[in-house]
Amino acid sequence: MNQHFTIEAPPMVAAPTAHGAVVEFEDVAKTYGDFEALRPTTLRIEAGEFFAIIGPSGSGKSTLLGITAGFVPPSAGAIRVAGADVVAIPPYRRNFGMVFQNYALFPHMSVAENIAFPLRMRGCPRAEIAARVSRMLAMVRLEALSERRPSQLSGGQQQRVALARAAVYDPLLLLMDEPLGALDKNLREEMQEEIKKFQSALGVTVIYVTHDQHEAAFMADRIAIMRGGRLEQVASPRGLYERPATPFVASFLGEASLLPVAALVWREGEEALVETAGGLRVRASAPPGHGEGSVLCIRPENIVLGPEARGLDNVFQGTVEDVVYTTGSVRYRVRLEASDLLLVVRIPSRPDIMLMPCGERVAVGWGRRDALLVAGETTP
Ligand SMILES: Nc1ncnc2c1ncn2[C@@H]1O[C@H](COP(=O)(O)OP(=O)(O)OP(=O)(O)O)[C@@H](O)[C@H]1O
């Protein structure tokens, strides 16, 4: 069955100077025997867009990227980059920049020679090579290290060379597969900012595969969440977080309490009263078509504990079941007395707040706009 998706417009329209390509996938699929690694997929990525692909292991992220790069021949469908069908074009002639986790720099060449390599292969005149290489060295802040060999660089510096080499010939499209996967957390965060700045300075279209949902949310204009060879949802980071299309999306991006809905008591426009599996009556926000068979999704930071909960649309009594301090916030699990349902609650931590101990009885509340009905089952 073909899968078509309504794609919302990217929140930040690419700068008018963007020279990145529009990338269009039309019913692109990949099968290995009977196994569908990528189900028929239709998707449009805008010029200059930073587009991230996330999803569990084996969901088809690398397959989609490999098909775009030309390493994996699709079983069906068309891919157009800047309007031209690229399926029959071999990878080295597609002219896409590529950055992967293992930097694959040439060990016997200097930084400058590594960056110059794609230009030499294209027969670019010497003066132009020199000009482009020094521009790239400046962009990735490696001017002082241009004569070093890759083995004399840190992981982050090597990755910056890989980035410069991938972009030096002004490709229309940059493909990145876990480019920061080998770096430690602090360096990864620094590089995320650098790659983002680099991409917006060049205006190039980027397709970026990562395991890291925070990385995707930080960097991307839009994110595709893949699951079982399909695009489960494509939206802006905020759209995915605040309007997840399925319980899978809700739990994959961030944390959520997901309460199965047993009955729709009433609805009026986008407002509803529902009864959950444990018999809890909850005022909720209900997009059209959502009711019984849906799941109630509540984000942990939208739940209020203690006296401040009173007066909200939904107020219940619960018992603290566990408390964990994480950097900047306290995460509680609270069991609701009326229904036996468990909620995850996150409260910003301040030096003066008292942590509630396990076993403490507490009021729990949230507004109706903070309880969203999401279509589908809770099973991941
Ligand atoms: N050459 C192949 N032959 C058979 N099956 C394959 C082949 N290549 C990939 N697959 C299968 O296709 C599915 C998708 O693989 P893919 O590498 O795209 O997943 P992924 O989302 O990138 O996973 P990861 O996050 O682990 O890299 C997997 O189940 C994988 O086992």
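The numbers attached to residues start from 1 for each chain and follow its sequence in the written order. At least 70 in pLDDT is required for a residue's local features to be given in this predicted model, at least 80 for side-chain atom pairs to be given and counted, and no such filter applies to totals for whole chains, interfaces and linings, which use all residues.

Of regular secondary structure, the chain possesses nine helices and 20 strands. Dimensions along the principal axes, computed over C-alpha positions, put the chain at roughly 75 × 50 × 40 Å. Whether a residue is buried, exposed or partly exposed follows from its count of other C-beta atoms within 10 Å of its own C-beta, namely 20 or more, 12 or fewer, or something in between, respectively; the C-beta atoms are built from the backbone. Relative to its 380 residues, the chain shows a buried fraction of 40%. By the criterion used throughout, residues are in contact when their C-beta atoms, derived from the backbone, lie within 7 Å. Within the chain, residue pairs in contact and separated by at least 24 positions form 68% of the contacts whose partners lie at least 6 positions apart. For the purposes of this entry, the term helix denotes a DSSP run of H or I that reaches at least four residues, the term strand denotes a run of E that reaches at least two, and both are numbered from the N terminus.

Pairing between two strands requires that DSSP report at least two bridges joining them. With eight bridges connecting them, strand β16 (residues 314-326) and strand β17 (residues 329-336) associate as antiparallel partners. Bridging from a neighbouring strand, Tyr325 pairs with Val330 of β17. The antiparallel hairpin formed by β16 and β17 contains two residues in its connecting segment, where Gly328 sits at a positive phi of about 85°. Pairing between β17 and strand β18 (residues 342-348): seven bridges, direction antiparallel. From the neighbouring strand, Val334 faces β18, where its bridge partner is Leu343. A loop of five residues connects β17 with β18, the two strands running antiparallel in sequence, and Asp340 in this loop sits at a positive phi of about 70°.

Attention shifts here to the site of the ligand. Any residue whose backbone-placed C-beta atom lies within 6 Å of a molecule or strand is treated as near that molecule or strand. Lining the immediate environment of the ligand, one finds Tyr32, Phe35, Ala37, Gly55, Ser57, Gly58, Ser59, Gly60, Lys61, Ser62, Thr63 and His211. The leading source of residues in the shell around the ligand is helix α1 (residues 61-69), at three residues. In this classification, the charged set is Asp, Glu, Lys and Arg, the nonpolar set is Ala, Val, Leu, Ile, Met, Phe, Trp, Tyr, Cys and Pro, and all remaining amino acids, among them Gly, are polar. Its residues assigned to classes, the shell around the ligand shows three nonpolar, eight polar and one charged.

With that out of the way, let us pick up helix α4 (residues 126-139). The terminal C-alpha atoms of α4 lie 20 Å apart, and with 14 residues this matches the ideal 20 Å at 1.5 Å per residue to within 8%. Three or more residues of α4 are buried, namely Ile129, Arg132, Val133, Met136 and Leu137. One side of α4 carries all its buried residues, which in axial view fall inside an arc of 140°. Exposed side of α4, more than 90 degrees from the buried face: Ala127, Glu128, Ala131, Arg135 and Ala138 are the residues found there. Residues of α4 that are buried sit in contact with α3 (111-121) and α5 (155-167). Arg141, located one to two residues past α4, shows a positive phi value of around 55°. Take the number of residues in a helix, subtract one, and multiply by 1.5 Å to get its expected span. Arc definition: it is the arc formed by the directions from the helix axis to the C-beta atoms.

Sheet strands pair by backbone hydrogen bonding; their relative direction is either parallel or antiparallel. Strand order across the open sheet formed by five strands is β15-β19-β16-β17-β18, with antiparallel pairing between neighbours. The open sheet has two edge strands with one neighbour each: β15 (304-305) and β18. Bridge count between β16 and strand β19 (residues 361-366): six bridges; the pairing is antiparallel. Of the residues in β19, the one forming a bridge with Phe316 is Val364.

Bringing the domain arrangement of the chain into the picture now. A domain assignment, automatic or from a database, supplies the domain bounds used here. For the chain, the assigned domains read domain 1 (23-242) and domain 2 (255-375). Each of domain 1 and domain 2 has a C-alpha centre, and the two are 39 Å apart.

Turning our attention to the nonpolar core. By our criterion, buried Ala, Val, Leu, Ile, Met, Phe, Trp, Tyr and Cys residues that link up through C-beta atoms within 7 Å make up a nonpolar core. Counting residues in each nonpolar core, the largest one holds 102 residues, and the members touching the most others are Ile115, Tyr208 and Leu296. Tallying contributions element by element places α5 first for this core, with six residues. Two domains each donate at least three residues to this core, and these are domain 1 (23-242) and domain 2 (255-375). If we ignore the near neighbours within four places in the chain, the residues touching Leu296 are Leu259, Val261, Val274, Thr276, Val282, Ala284, Ala371 and Leu373.

Across the interface, α3 lies against α5 with an axial gap of 7 Å and an inter-helix angle of 30°. In terms of axis orientation, α3 runs roughly parallel to α5. Regarding α3 and α5, the two cross each other, and that crossing is right-handed. Residues Val111, Asn114, Ile115, Phe117 and Pro118 of α3 lie in contact with α5, whose contacting residues are Val161, Ala164 and Arg165. In this description, a line fitted to the C-alpha atoms serves as the axis of each element, helices being fitted only across the stretch in contact, and the angle between N-to-C directions of two axes falls anywhere from 0 to 180 degrees. Small angles under 35 degrees read as roughly parallel and large ones over 145 as roughly antiparallel, with 65 to 115 read as roughly perpendicular and the rest as oblique. Handedness of a crossing is defined here by the sense of rotation of the near helix relative to the far one, left-handed for an anticlockwise turn of less than a right angle and right-handed for a clockwise turn.

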